[in-house]
2 protein chains.
Amino acid sequence: MTRLIDSTPAADGFRMPGEFEPHEGCWMIWPERTDNWRLGAKPAQTAFAQVAGAIAAGGEQVTMAVSSRQYEHARNSLPAEVRVVEMTTDDAWMRDCGPTFVVDGAGRRRGVDWVFNAWGGLDGGLYFPWKNDDLVAGKVCEIEGADRYRAPIVLEGGAIHVDGEGTLLTTEECLLNPNRNPSLSRQQIEEQLRAFLGIERVIWLIHGSFNDETDGHVDNICCFARPGEVILNWTDDVRDPQHAISAAALERLERATDARGRSLTVHKLPMPPPILITEEEARGVDPVEGTLPRLAGDRLAASYVNYYVANERIVMPLLDERTDAEARRALERIFPERDVVGVPAREILLGGGNVHCITQQVPAA
Amino acid sequence: MTRLIDSTPAADGFRMPGEFEPHEGCWMIWPERTDNWRLGAKPAQTAFAQVAGAIAAGGEQVTMAVSSRQYEHARNSLPAEVRVVEMTTDDAWMRDCGPTFVVDGAGRRRGVDWVFNAWGGLDGGLYFPWKNDDLVAGKVCEIEGADRYRAPIVLEGGAIHVDGEGTLLTTEECLLNPNRNPSLSRQQIEEQLRAFLGIERVIWLIHGSFNDETDGHVDNICCFARPGEVILNWTDDVRDPQHAISAAALERLERATDARGRSLTVHKLPMPPPILITEEEARGVDPVEGTLPRLAGDRLAASYVNYYVANERIVMPLLDERTDAEARRALERIFPERDVVGVPAREILLGGGNVHCITQQVPAA
């Protein structure tokens, strides 16, 4: 039984756990739209299957939502331990259109279903229409048997990170963007985040990573490793436009205290060298009006921060042979209690996001 | 985790329980095709929603499989306690395209996924194509987390009834029809039924009910009330073509012994007066080539035997004011331990089946 609940998680004693807390499972969406994913999405499907396999191999139940057209192919392409369910979507970003799950102390789990407008609606959004994506959170809640809150604000899951102890990280570039909630002030948005996520304090960064088409999702620049510790996408190259963004974020993070009054330890995670779309990659996409073009030479917003914390493991994107090993070692130092598993992620990045963007955890209740 | 299993239920110690044994839930499909259901399927949707509500009200979890197009409307039309999941289908007969669940003594439950050919394929089948329907059983098993056997024969769930103690009821008209498994003998079909349902003995009736477009599904003429007792669709009117069919079935049933060596008690359940499609009803359907036409004056295969046994209740079709009360009293006498709940079912009957045909139980493990 899945009810639509009229109150708020905070009022009912629910909170969003940190991603590093135990999971019951993880949801993903199978990519297929040929105006975003090259070569009929086949290379992306291989990458998504590897991510699903890496999460499932750690003992976490992965559910892949797949369109009717791709159902048999996806079922045949995925390991048996991945659950495959039919779902119509507009693209493949479960982090952003899926529900944000909240839990209470009594072992209950509910879903928060945010309004989704494809990262900006008709004012800079990435495709039209996005109606199917906006229904995804409700459909996931039905299958999970989770009661659901419909939050009255536009928000994508990738725009927020929490420490599970009252603190939320986000960016002004995204949450204060007039293409999301133009009628709400910063104060009013903070109130909604408190009400729907059970948090107390918001730490605002200014920008997301350079050239991030999501309008600066925090999950591609900074995340919590655990309460009191964050990881920041970093470059020492002062000529790179990422440098000023990361330096400004560092300043805000060093000045911040979290909901428990702690200062934050900041781990700098060096980014890979700039990654550009090749001619061949651009040619593999079917361009259509209304969908963000994929042009040769465009720089992709590559960041190792865009990993997923699965049970007992980190699933990290492999982005460049020159820097992958260093990034892996850095994550191993930050997470000595977890295995770090790398997955080739260029094909995910070409679609506009990375491992974290294509996953959404179901926290243990 | 859902695996495709290469052995058979019988070899693995599984059996199909009787429908009257406890259920964990029930699956249905939301009707929508306008070449079968009149007036855009709206009257049928109301009837299906009433069936779902009646089952759910008895404390049984109902899951409704709904196309992407109808998802929001179905969610809004159904009680909150009905779970709604997206699924592409060709029509709305979960009994026939859904999995047959089998259980073992160790608390495990698996699904049997029969080959589905829309009641006869290109040789008298009811529509083309039927590819989506043939995928339904696998999709249901994924969501239920049930390992799955793919049985190598054409069979619909409405073509069989079992007593859960080794006996199966079916009809020659259906299972020996050359449009199902032309290369298999009666003996070979019995072997498949033994292997995939864990039964030992098959009781063959000759025909299903008069003018039944399924080629004589047993679930519209005869079923087990409990081991050793069957209910038979009946008429005393010797001029009605149903009389000879029912009389022949009675003879077979009276001669039969079940897998435990018992003779059968036969409860005759009088059918309603003949029900014909009206001019107005026929006009509400969009006729297309390849789908069975719905013509004014055609007689429908109305039978009170086509009920569903839910937990603690019988959900029976209401078919004619002149006979509904008598049928209800008969079922109350046969099932003194259950409530008998009637649901207006003419709109279901107009589509070619009834309450039993649109439901598929998930037995308790």
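Computed from a predicted structure; not experimentally measured.

Q: Before we go on, may I ask you to explain the pattern of salt bridges in this structure?
A: According to the stated counting rule, one finds 66 salt bridges over all chains in the structure shown. Linking R239 of chain A and D237 of chain A is a salt bridge whose minimum nitrogen-to-oxygen distance equals 3.2 Å. Since its relative accessible area comes to 74%, R239 of chain A is described here as exposed. In this structure, E165 of chain B engages R262 of chain B in a salt bridge whose closest nitrogen and oxygen atoms are separated by 2.8 Å. Here the residue E165 of chain B occupies a position in the loop between β8 (161-162) and β9 (167-171), and R262 of chain B occupies one in the loop between α8 (241-255) and β13 (265-270), the gap between them amounting to 97 residues.

Q: Help me out: how do you make sense of the sheet that holds strand β9 (residues 167-171) of chain A in this one?
A: The strands that make up a sheet are held in pairs by hydrogen bonds between backbone atoms, and each pair lies either parallel or antiparallel. Residues and elements named next belong to chain A. The strand order across the open sheet built from 3 strands is β8-β9-β10, with neighbouring strands paired in mixed fashion. Here the strands that pair on one side only, and so sit at the sheet edges, are β8 (161-162) and β10 (201-205). As judged from the 5 bridges shared by β9 and β10, these two strands associate in the parallel manner. Directly across from L168, in β10, lies its bridge partner V202. On the sheet, helix α7 (residues 186-197) packs against β9 and β10 and is oriented at approximately 130° with respect to β10. Here helix α8 (residues 241-255) sits on the sheet in contact with β9 and β10, set at roughly 155° to β10.

Q: What am I meant to see in the relation of the copies chain B and chain A here?
A: Comparison of the two chain copies shows a relationship of rotation about an axis with a shift along it. Expressed as a screw transformation, the operator carrying chain B onto chain A has a rotation angle of 180° and an axial translation of 0.0 Å, and the superposed copies differ by an RMSD of 0.0 Å. The transformation relating the two chain copies, once decomposed into turn and shift, fits a two-fold axis. No C-alpha of chain B approaches the rotation axis more nearly than that of E86 of chain B, which lies at 3.1 Å. A shared interface surface links the copies, since 100% of the contact residues of chain B are contact residues in chain A too.

Q: Looking at this structure, I do not really get unusual backbone geometry. What am I missing?
A: With glycine set apart, most residues show a phi of negative sign, and most peptide bonds adopt trans. Residue and element names in this part refer to chain A. Look at the link from F128 to P129: it is a cis peptide, with omega at -5°. Of note, L39 is a non-glycine position whose phi angle comes to about 55°, a positive value. Here L39 falls in the partly exposed class, since its relative accessible area comes to 47%. Located in the positive-phi region is E312, a residue other than glycine, with phi close to 70°. For E312, the location among the structural elements is in the loop between β16 (308-310) and β17 (313-318).

Q: Help me understand the sheet that holds strand β2 (residues 23-29) of chain B in this model?
A: Residue and element names in this part refer to chain B. Ordered by their spatial adjacency, 4 strands build an open sheet running β4-β3-β2-β19, and the pairing between neighbours is mixed. Looking at strand neighbours, the two that pair on one side only are β4 (83-86) and β19 (360-363), the edges of this open sheet. Strand after strand, the sheet turns through a mean of 25° between neighbouring axes, direction not considered. Judged from the 4 bridges that link them, β2 and β19 form a sheet pairing that is antiparallel. Opposite H23, over in β19, you have P363 as the bridge partner. The strands touched by helix α5 (residues 131-144) within the sheet are β2, β4 and β19, with β2 carrying the most contacts at an inclination of about 140°.

Q: Can you help me understand the state of the cysteines in this one?
A: What we call a disulfide is simply a covalent bond connecting the sulfur atoms of a pair of cysteines. Residue and element names in this part refer to chain A. With the rule as written, the count across this model stands at 0 disulfides over all chains. Between C222, a cysteine without a disulfide, and C223, which holds the nearest cysteine sulfur, the sulfur-to-sulfur distance is 6.4 Å. When its relative accessible area of 0% is taken as the criterion, C222 is described as buried.

Q: What is the right way to look at the interface of chain B and chain A in this model?
A: Interface size is commonly expressed as the accessible surface area that is lost when the partners come together. Each partner contributes residues to the interface: chain B has 24 residues there, and chain A has 24 residues. Here chain B meets chain A over a buried area of about 1900 Å², counting both sides, of which 47% is carbon and sulfur. If you look at where chain B meets chain A, you find 6 salt bridges. Put simply, E72 of chain A and K131 of chain B hold a salt bridge, and the shortest N to O gap is 3.0 Å. The interface formed by chain B and chain A contains 12 residue pairs in polar contact (both at pLDDT 80 or more). Broken down by secondary-structure element, the contributors of at least two residues to the side of chain B that touches chain A are α3 (71-77), β4 and α5 of chain B.

Q: Just checking my understanding: could you explain the pairing of β4 of chain B for this structure?
A: As a general feature of sheets, a regular strand has side chains that alternate between the two faces. All names here are of chain B. Of the two faces of β4, the one holding R83 and V85 and the one holding V84 and E86 are both buried throughout. Examined bridge by bridge, strand β3 (residues 61-66) and β4 share 4 bridges and lie parallel to one another. Looking at β4, one finds that V66 is bridged to E86. Handedness of the crossover is the feature at issue here: the chain leaves β3, passes through α3, returns alongside β4, and the resulting connection is right-handed.

Q: Just checking my understanding: could you explain the side chain of T63 of chain A for this structure?
A: All names here are of chain A. Mapping T63 onto the fold places it in strand β3 (residues 61-66). Side chain to side chain, T63 and R83 meet in a polar contact 3.0 Å long. Once residues within four sequence positions are removed from consideration, T63 is found in contact with C26, W27, M28, R83 and V85.

Conventions adopted
Residues numbered from 1 in each chain as written. Chains lettered and ligands numbered in written order. Predicted model: local features only at pLDDT ≥ 70, side-chain atom pairs only at ≥ 80, totals over all residues. Heavy atoms only, no water. Salt bridge = Lys/Arg side-chain N within 4 Å of Asp/Glu carboxyl O. Buried < 20%, exposed > 50% of the residue type's maximum accessible area, 1.4 Å probe, protein only. Helix = DSSP H or I, 4+ residues; strand = E, 2+ residues; numbered from the N terminus. Pairing = 2+ DSSP bridges. Contact = heavy atoms within 4.5 Å. Axes fitted to C-alpha atoms, helices over the stretch in contact; angles between N-to-C directions. Least-squares fit on C-alpha atoms with pLDDT ≥ 70 in both. Disulfide = S-S within 2.5 Å. Buried area = accessible area lost by both parts, 1.4 Å probe. Polar contact = N/O pair within 3.5 Å; in protein donor to acceptor, adjacent residues only side chain to side chain. Right-handed = clockwise from strand over helix to strand, strands pointing away.

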